[in-house]
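# Observations on the three-dimensional arrangement
The chain contents come next:
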Amino acid sequence: MTSPARDVAPATYTISELAAEFDITPRAIRFYEDMGLLNPARDGRNRVYSVRDRTRLKLTLRGKRLGLSLQEIRQLVDMYESPSDTVQQLTAFLAILQAHRDQLAQQLEDIRVTLEEIEQHEDRARALLAEAGHGDAAP
């Protein structure tokens with residue numbers, strides 16, 4: 001049987017502990033701190049991260065995985081902690097996600113068009129090689 005004290009998460013974390021937990025570098029954590037996403041306490045020269053900081057870091061990394069900008073992430077993380085109306089927060093969150101979805105859809109279309117252009121250039125180059133009698137030189 002395990003002791004209850006072992007099952008309780010620590011109230012504070014070091015930068016090394018958070019870096020290991022989230023598989024990122026301490027430098028990345030300091031960057032997020034510089035961007036205002038984290039606000040650790042200090043114990044002398046050491047940073048002391050709270051459960052709140054850990055949650056903010058987790059949300060920040062989730063936002064980065066979604067491809068959101070740091071400004072969008074900060075807005076969402078700040079909304080998450082705000083005691084204001086949840087409907088307003090969720091509406092803002094949906095607006096950010098929709099804008100990001102629209103941007104990704106445009107990028108996907110741009111990639112599709114570019115791939116079609118590459119295919120046309122490849123086809124033309126292969127045809128020119130075939131005309132020159134080097135049809136076997138194509139990859």
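What you see is a predicted model; the values in this text were computed from it and never measured.

## With respect to a nonpolar patch on the surface
A cluster of nonpolar side chains, contributed by Ile111, Leu115 and Ile118, occupies part of the molecular surface with about 280 Å² of accessible area. Residue position: isoleucine 118 is located in helix α6 (residues 86-131).

## A short note on the sheet that holds strand β3 (residues 46-50)
Two strands in a sheet stick together by hydrogen bonds in their backbones, pointing the same way (parallel) or opposite ways (antiparallel). Taken together, the three strands give an open sheet; going across it, the order is β1-β3-β2, and neighbouring strands pair in antiparallel fashion. Whereas interior strands pair on both sides, the edge strands pair on one side only; in this sheet they are β1 (12-13) and β2 (41-43). Inspection of the sheet shows β1 paired to β3 by two bridges, in the antiparallel sense. Counted as the bridge partner of tyrosine 13 is tyrosine 49 from β3. Along the sheet face, helix α4 (residues 51-65) touches β1 and β3 and points at about 80° away from the line of β3.

## Considerations on helix α5 (residues 70-81)
The terminal C-alpha atoms of α5 lie 17 Å apart, and with twelve residues this matches the ideal 16 Å at 1.5 Å per residue to within 8%. Taken as a whole, α5 has its buried residues at Leu70, Ile73, Leu76, Val77 and Met79. Residues of α5 that are buried sit in contact with α3 (26-34), α4 and α6.

About the criteria used
Residues numbered from 1 in each chain as written. Predicted model: local features only at pLDDT ≥ 70, side-chain atom pairs only at ≥ 80, totals over all residues. Heavy atoms only, no water. Patch = residues over 30% accessible without salt bridge, like charges linked within 9 Å, V, L, I, M, F, W, Y side chains within 5 Å. Areas by Shrake-Rupley, 256 points an atom, 1.4 Å probe, with all protein chains shown as cover. Salt bridge = Lys/Arg side-chain N within 4 Å of Asp/Glu carboxyl O. Helix = DSSP H or I, 4+ residues; strand = E, 2+ residues; numbered from the N terminus. Pairing = 2+ DSSP bridges. Contact = heavy atoms within 4.5 Å. Axes fitted to C-alpha atoms, helices over the stretch in contact; angles between N-to-C directions. Expected span 1.5 Å × (residues − 1). Buried < 20%, exposed > 50% of the residue type's maximum accessible area, 1.4 Å probe, protein only.

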